[in-house]
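A look at the structure
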Amino acid sequence: MRAWDERQKQQGEGTARRSRLGSDKLLIMERRSVTVQVPATSANLGSGYDCIGMALDMWNELTVERADKFEITVEGEGADQIPLDDSNLVVVGVKAAFEAAGKSVPPLKYHLKQRIPFGRGLGSSSAAIVAGLLAGLIIAGHKLDVQGKEQLVQLATEIEGHPDNVAPAIYGGVQVGLYDSLEKRWATERVSLPHGLVFVMFIPSFVGKTSELRKVVPTEVSLQDAVFNMGRLAWLVLALTSGKVQNLRVGLEDRLHQPQRGEKVYHHLYPLIDACYEAGAAGAYLSGAGPVVMAITTGGSGDFFTQSFTQRTDQKVAAAMNAVAQRMGIEGKVYITHPTNVGGVVVRADPPFSSDLVVYNGET
Ligand code: HSE
């Protein structure tokens, strides 16, 4: 019998006895295995370089279980491009969680189901970090202070470097994140979103290397450009909170990173943005460090496949993006999705959190 099973047996915490446990004890005990899902995120939203991001309904899934030795297996999008050693960000996340718990990491087996394309500007690194942190906390049986402290955001941002992807990956929706120099911690706040937004993204088949793409961004900017972006980011947040979607286009304009990345690396960026607007998009921008070009369209309501095309523009925008990409010889595909208002979640654990008396929605 392995040490963990032995310990659980000694503590009398086998699954057969879980209904008799006090609920607090059930909620904080160590787990044998856990499965979590974490959403894709789209950072920057044009004018908000490094400080705003949004979660999308496209999810990676990570299962971590106690094992005799370390192992990572990956299936799905970009499976052959993902490291299978401890440099993998899910492992980095798990380690940080165990460190926060003051425990050493036991041998663990990882299985990743990748649905977020890797290295495209859709937050796959942040999804991995957040998935690792959540799974590690569950296996270790450790909880963090969130209200007023945002400990999970601190851990994730310390690994990622900036909060714009990790914050929506943790909480969902649109999040504005910053370093609060008074409280000396990373902080994040939700921006409400109007209903009916549909996100249409052109995903090129090539990968963008964030570290290289950050070098293209100037470290000093003119006062004029700073004022340009400050006004646009405020305009964008107002457009989202007030539902004035006609103001999105101006709010998404940027002078800090898109023109530089568009000119030096992503020649498809502005031709695609222009095509999106011609096809009726409410907004278009470079998602994160790219190469994905994201368009925001309006009018979505209820089931996607049963609503008439005359009320929506997503199909026209998708066709326009594909046409320009083909003309420019850029391989890729269009993906259509919605924002999600929830972030990373535990979907399964062994032993489960649910008992004979309390069932948690989502635990399958
Ligand atoms: N804000 C980041 C960037 C997102 O644009 O480089 C990618 O990590």
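What you see as residue numbers is a count from 1 along each chain, following the sequence as written. Where totals are concerned, whole chains, interfaces and linings use all residues; where local detail is concerned, this predicted model gives features only for residues with pLDDT of at least 70, and gives and counts side-chain atom pairs only at 80 or more. To get the side-chain values, take all heavy atoms of the structure and skip hydrogens and water.

We now examine the domain arrangement of the chain. Those domain boundaries reflect an automatic or database domain assignment. Domains assigned within the chain are domain 1 (33-190 + 342-350) and domain 2 (192-337). Just the C-alpha atoms count here: the centres of domain 1 and domain 2 sit 24 Å apart. Each partner contributes residues to the interface: domain 1 has 26 residues there, and domain 2 has 37 residues. Summed over both partners, buried area is the accessible surface (1.4 Å probe) that two parts give up on being assembled. Looking only at domain 1, the three residues that lose the most surface to domain 2 are Ser-47, Tyr-49 and Arg-120, adding up to 30% of its buried area. The shortest N-O distance in the salt bridge between Arg-214 and Asp-50 comes to 2.6 Å. Pairs of N or O atoms are called polar contacts if they sit within 3.5 Å, as long as, within protein, a hydrogen donor faces a hydrogen acceptor (for residues adjacent in sequence, only side-chain-to-side-chain pairs). Counting across the domain 1 and domain 2 interface gives 20 residue pairs in polar contact (both at pLDDT 80 or more). Of all the secondary-structure elements, those providing two or more residues to the side of domain 1 that touches domain 2 are strand 1 (33-43) and strand 2 (52-66). Element by element, the count of residues in the side of domain 1 that touches domain 2 is highest for strand 2, at five residues. Across the side of domain 1 that touches domain 2, the residue classes break down as 12 nonpolar, nine polar and five charged. Contacts are assigned to residue pairs with any non-hydrogen atoms lying within 4.5 Å of each other. Throughout this description, the term salt bridge denotes a Lys or Arg side-chain nitrogen within 4 Å of a carboxyl oxygen of Asp or Glu. Under the scheme used here, helices are H or I runs from DSSP no shorter than 4 residues and strands are E runs no shorter than 2 residues, and both carry numbers assigned from the N terminus. Throughout, the ten residues Ala, Val, Leu, Ile, Met, Phe, Trp, Tyr, Cys and Pro are labelled nonpolar, Asp, Glu, Lys and Arg are labelled charged, and all others, Gly among them, are labelled polar.

Turning our eyes to something else, we now look at the nonpolar core. Of all hydrophobic cores here, the largest spans 91 residues; its most connected members are Leu-62, Tyr-110, Leu-122 and Met-321. Residue contributions to this core peak at 12 residues, all from helix 4 (residues 124-140). Working definition of a nonpolar core: buried Ala, Val, Leu, Ile, Met, Phe, Trp, Tyr and Cys residues. They are joined through side-chain atoms within 4.5 Å. Throughout, exposure labels follow a simple rule: accessible area from a 1.4 Å probe, protein chains only, divided by the maximum for the residue type, with under 20% read as buried, over 50% as exposed, and the rest as partly exposed.

This paragraph deals with the site of the ligand. Near is defined per residue: the residue qualifies when any heavy atom it owns lies within 4 Å of the molecule or strand. Taken together, Asn-44, Tyr-49, Asp-50, His-162, Asp-164, Asn-165, Thr-210, Arg-214, Arg-261, Gly-288 and Ala-289 are the residues near the ligand. Starting from 260 Å² of accessible surface for the ligand in isolation, the protein chains cover 95%. Going through the elements one at a time, helix 6 (163-171) and helix 7 (210-215) are the ones with two or more residues in the shell around the ligand. Residue contributions to the shell around the ligand reach at least three from each of two domains, namely domain 1 (33-190 + 342-350) and domain 2 (192-337). The Shrake-Rupley method, run with a 1.4 Å probe sphere, supplies the accessible areas, and residue values consider only the shown protein chains as cover.

Residue placement: Asp-164 occurs in helix 6. Asp and Glu are treated as the negative residues and Lys and Arg as the positive ones, with His and the ends of the chain left uncounted. Despite being buried, Asp-164 has no salt bridge partner; Arg-214 is the closest side chain of opposite charge, sitting 5.9 Å away. Separated by 3.5 Å, the side chain of Asp-164 and the backbone nitrogen of Asp-50 make a polar contact. A polar atom in the side chain of Asp-164 sits 2.7 Å from the side chain of His-162. If we skip the residues at most four places from it in the chain, Asp-164 touches Ala-43, Asn-44, Asp-50, Cys-51, Ile-52 and Gly-53.

All right, on to the packing of aromatic side chains then. Any pair of Phe, Tyr and Trp rings, taking the six-membered ring for Trp, is counted once the centres come within 6.5 Å. Such a pair is stacked with planes under 30 degrees apart, edge-to-face with planes over 60 apart, and tilted for the rest. Tallied over the full model, the rule gives four aromatic pairs. Ring geometry for Phe-304 and Phe-305: centres 5.3 Å apart, planes at 80 degrees, overall edge-to-face. For Phe-304, a relative accessible area of 17% corresponds to the buried category. Both a distance and an angle decide whether a charge sits over a ring: NZ of Lys or CZ of Arg must be within 6 Å of the ring centre and within 35 degrees of the ring normal. In this structure, Arg-31 is placed above the aromatic ring of Phe-353, and the distance from its NZ or CZ to the ring centre is 3.8 Å. Above the plane of the ring of Phe-228 lies Arg-232, whose end atom (NZ or CZ) is 3.7 Å from the centre.

When you line up the elements, Thr-157 lands in helix 5 (residues 151-160). In this structure Thr-157 touches His-162, Pro-163, Val-166 and Trp-186, once residues within four positions along its chain are discounted.

Only when DSSP finds a minimum of two bridges between them are two strands counted as paired. A sheet is described by the order of its strands in space; here four strands give the open sequence 8-9-7-10, paired in antiparallel fashion. Edge positions in the sheet fall to strand 8 (283-286) and strand 10 (332-337), since each of these pairs with one other strand and no more. Averaged over all neighbouring strand pairs, the angle between strand axes comes to 20 degrees, with direction disregarded. In the sheet, strand 7 (residues 198-204) pairs with strand 9 (residues 293-297) via five bridges, with the strands oriented antiparallel. Bridging from a neighbouring strand, Phe-202 pairs with Val-293 of strand 9. On the sheet, helix 11 (residues 269-278) packs against strand 7, strand 8 and strand 9 and is oriented at approximately 165 degrees with respect to strand 8. Helix axes are fitted to C-alpha atoms over the stretch in contact, other axes to C-alpha atoms as well, and angles between N-to-C directions run from 0 to 180 degrees. Contacts from helix 12 (residues 314-328) reach strand 7, strand 9 and strand 10, with the element oriented near 15 degrees to strand 7.

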